[in-house]
Amino acid sequence: MYAGGNEKSHSVGSKSLAELGEWKLNPTRVSELTLQAGREMKEHQAAQVEAFHQREASRPLTASREASPEVPANAPQVGVVEMDGGRIRTRDENGPRGVTHPHWREFQAGCVVRLQSEASLEDPRPEVPQLFRNRPKVQKLVAQLHRQRKALPEEKTDDQSIGELLGEEQLTENATDQDASLTPEASRKQHRGPVRLMRTCVATLEGADACGRILATEAAGRGLDQASRKGFVGDGQSCNWSVWERYFKRLGYLAILDFIHLLSYVYALAMAVGHDADEGWQLHVQWITALWKGQAAEVLAQWRSLAQQFSIPSDALPDNDPRRPIQRGLTYLANNLERVDYPRYRRLGLPVTSTLMESLVKEFNLRVKGTEKFWNDPQGAEAILTVRAALLSEDDRFAQFFASRPGCRYRRRSTLKRAQQAQLKQAA
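Rules of the game
Residues numbered from 1 in each chain as written. Predicted model: local features only at pLDDT ≥ 70, side-chain atom pairs only at ≥ 80, totals over all residues. Heavy atoms only, no water. Helix = DSSP H or I, 4+ residues; strand = E, 2+ residues; numbered from the N terminus. Buried < 20%, exposed > 50% of the residue type's maximum accessible area, 1.4 Å probe, protein only. Contact = heavy atoms within 4.5 Å. Areas by Shrake-Rupley, 256 points an atom, 1.4 Å probe, with all protein chains shown as cover. Phe/Tyr/Trp six-rings, centres within 6.5 Å; stacked < 30°, edge-to-face > 60°. Lys NZ or Arg CZ within 6 Å of the ring centre and 35° of its normal. Core = buried A, V, L, I, M, F, W, Y, C linked by side-chain atoms within 4.5 Å. Axes fitted to C-alpha atoms, helices over the stretch in contact; angles between N-to-C directions. Parallel < 35°, antiparallel > 145°, perpendicular 65-115°, else oblique. Left-handed = near helix turned anticlockwise from the far one by under 90°. Nonpolar A, V, L, I, M, F, W, Y, C, P; charged D, E, K, R; others polar. Lys, Arg positive; Asp, Glu negative; His and termini not counted. Salt bridge = Lys/Arg side-chain N within 4 Å of Asp/Glu carboxyl O. Polar contact = N/O pair within 3.5 Å; in protein donor to acceptor, adjacent residues only side chain to side chain.

## A word on the overall build of the chain
- For the chain, the helix and strand inventory stands at 17 helices and 6 strands.
- Taking all 428 residues of the chain together, 47% fall into the buried category.
- Within the chain, contacts between residues separated by at least 24 positions form 72% of all contacts whose residues are at least 6 apart in sequence.
- In the structure as shown, the chain presents an accessible area of about 22500 Å², 49% of it carried by carbon and sulfur atoms.

Dropping the structure here:
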């Protein structure tokens, strides 16, 4: 089941078992066992989520959660919840042999992350990173986000991924600890942001709210609700903020708009209003610097002035209208104005990008996407997403599930163990 959930396909998993474990098992059987495990894990997860939310519904609003069974003994000081969507190709569940009615389904994925970071009274990184002022690299970032937004297939190029580009600027949450020999001033200049300690993952086809319910259960189980500094990071999709509003806002999670997605709107708007590419780039640098420094209200006022200048209507413009980037950027920033206080988030040691979630979706895609991969809709797709999430989680839940999973339903384990010992004695 590990091979079926971790390798690129069930066929590759079968070959790995034969080569590494000297155990011949055909790909169909690997598939059956892997998806069976996924269905069992999903049932177990659904029972946990339902029990948690029933307890929450019956808990008095003034009651403390410190004594809750979900709270671990080592609650973290810093934590973050991130959420995003992906796509998986599916087929009819009960169709004839082969691929019947192939279609795409969107799945929701999320992660709950314990972080290590320091809070500070001053902004530890007041200057906008060089990456966001590097024209070729910004163009790469925007192009990759455009492909993700349109669900286009990834091109095989030598270009760096979004995570690699951000890693060079130490904007990811996987950086190592800072050099202890650095002076405080040098350490501030080489600020590396939060460091990831542990990540757990979830994924489902059941929609954003179902994903939010699972994430709320996960966050409580990881102790993030008791963290003194915590945030919820997402892009501008309304479903993300509906989940935050319903499950996380009342617990003190700060809503943080992913800075990279905001950058893509800034770049598109700047290129649309500039008389040429060079003037557009100068506007981009000006606005992205202001947003990094927390001057979103000033930027929004300038964009509203531009909207009047270009006669932007209240109704949505068609995509081929050259004014469409102005309208989209203005709407995006106006809708998320309360989630772009980046200096505050950096002072609290919280991430300002969703790189953890972007990389996680890619890790899901490595297993569930392919030119000839079609998962049964919904059970097969839901099962493989559940198995994959368990394997990507860093709390050893995959091994724990099988350690507590019932064995043969007709015989006790002690009886099986005695039978195995008797067979060994006879063989000896």
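Now, onward.
## Structural notes on the packing of aromatic side chains
- In total, this model carries 16 aromatic pairs according to the counting rule given.
- Aromatic pair tyrosine 342 and tyrosine 345: ring centres 5.9 Å apart, planes at 85°, arrangement edge-to-face. Linking tyrosine 342 with tyrosine 345, this pair stays in helix H13 (residues 342–347), spanning 3 residues, or about one helical turn.
- Residue tyrosine 345 is classed as buried on the basis of its relative accessible area of 2%.
- One aromatic cluster in this structure is built from Phe132, Phe259, Trp292, Tyr342 and Tyr345.
- Between the NZ or CZ atom of lysine 230 and the centre of the ring of tyrosine 253, over which it lies, the distance is 5.7 Å.
- Here the guanidinium or amino end of arginine 346 rests over the ring plane of tryptophan 292, the centre of that ring lying 4.1 Å away.

## Some details on the nonpolar core
- The biggest cluster of nonpolar side chains holds 94 residues, and the ones touching the most others in it are Phe248 and Trp287.
- Sort the elements by how many residues they give to this core and helix H9 (residues 259–273) lands first, with 10 residues.
- Dropping the residues within four chain positions of it, phenylalanine 248 is found in contact with Val81, Gly212, Leu215, Ala216, Ala219, Phe232, Val243 and Tyr253.
- Membership of the second largest hydrophobic core comes to 6 residues, among which are Met41, Ala390, Leu391 and Phe398.

## A short note on the environment of methionine 357
- Considering the arrangement of structural elements, one finds methionine 357 in helix H14 (residues 355–368).
- The class of methionine 357 is buried, set by a relative accessible area of 1%.
- Measuring from C-alpha to C-alpha, the distance between methionine 357 and valine 233 comes to 8.9 Å, with 124 residues separating the pair along the chain.
- Sequence-distant contacts of methionine 357, defined by excluding residues within four places in its chain, comprise Glu82, Met83, Asp84, Ala109, Gly110 and Cys111.

## Some points on the packing of H14 against helix H15 (residues 379–392)
- Packing of H14 against H15 leaves a shortest axis separation of 10 Å and a crossing angle of 130°. Here H14 lies oblique to H15, going by the angle between them. In the packing of H14 onto H15, the handedness of the crossing is right-handed. In this structure, H14 uses Leu360, Glu363, Phe364, Leu366, Arg367 and Val368 to contact H15, whose residues at the interface are Ile384, Leu385, Arg388, Ala389 and Leu392.
- Considering only residue class, the contact of H14 with H15 consists of 8 nonpolar, no polar and 3 charged.

## Overview of unusual backbone geometry
- The omega torsion of the bond from aspartate 377 to proline 378 falls at 10°, within 30 degrees of zero and hence cis.
- On the secondary structure map, proline 378 appears in the loop between strand E6 (375–377) and H15.
- Despite not being glycine, histidine 101 has its phi angle at roughly 50°, a positive value.
- Within the secondary structure, histidine 101 sits in the loop between strand E1 (78–92) and strand E2 (103–116).

## Remarks on the environment of glutamate 118
- Inspection of the secondary structure puts glutamate 118 in the loop between E2 and helix H4 (135–149).
- When neighbours within four sequence positions are excluded, glutamate 118 is seen to be in contact with Arg229, Arg347 and Gly349.

## What about the side chain of lysine 373?
- Among the secondary structure elements, lysine 373 is positioned in the loop between H14 and E6.
- Although lysine 373 lies buried, it forms no salt bridge, and the closest oppositely charged side chain, glutamate 7, sits 9.7 Å away as judged by the N-O distance.
- In this structure the side chain of lysine 373 is engaged in a polar contact, spanning 3.3 Å, whose partner is the backbone oxygen of lysine 369.
- Once residues lying within four places of it in the same chain are set aside, the contact partners of lysine 373 are Lys8, Ser9, Arg89, Leu366, Arg367 and Val368.

Function cannot be inferred from these measures alone, as they are strictly geometric.
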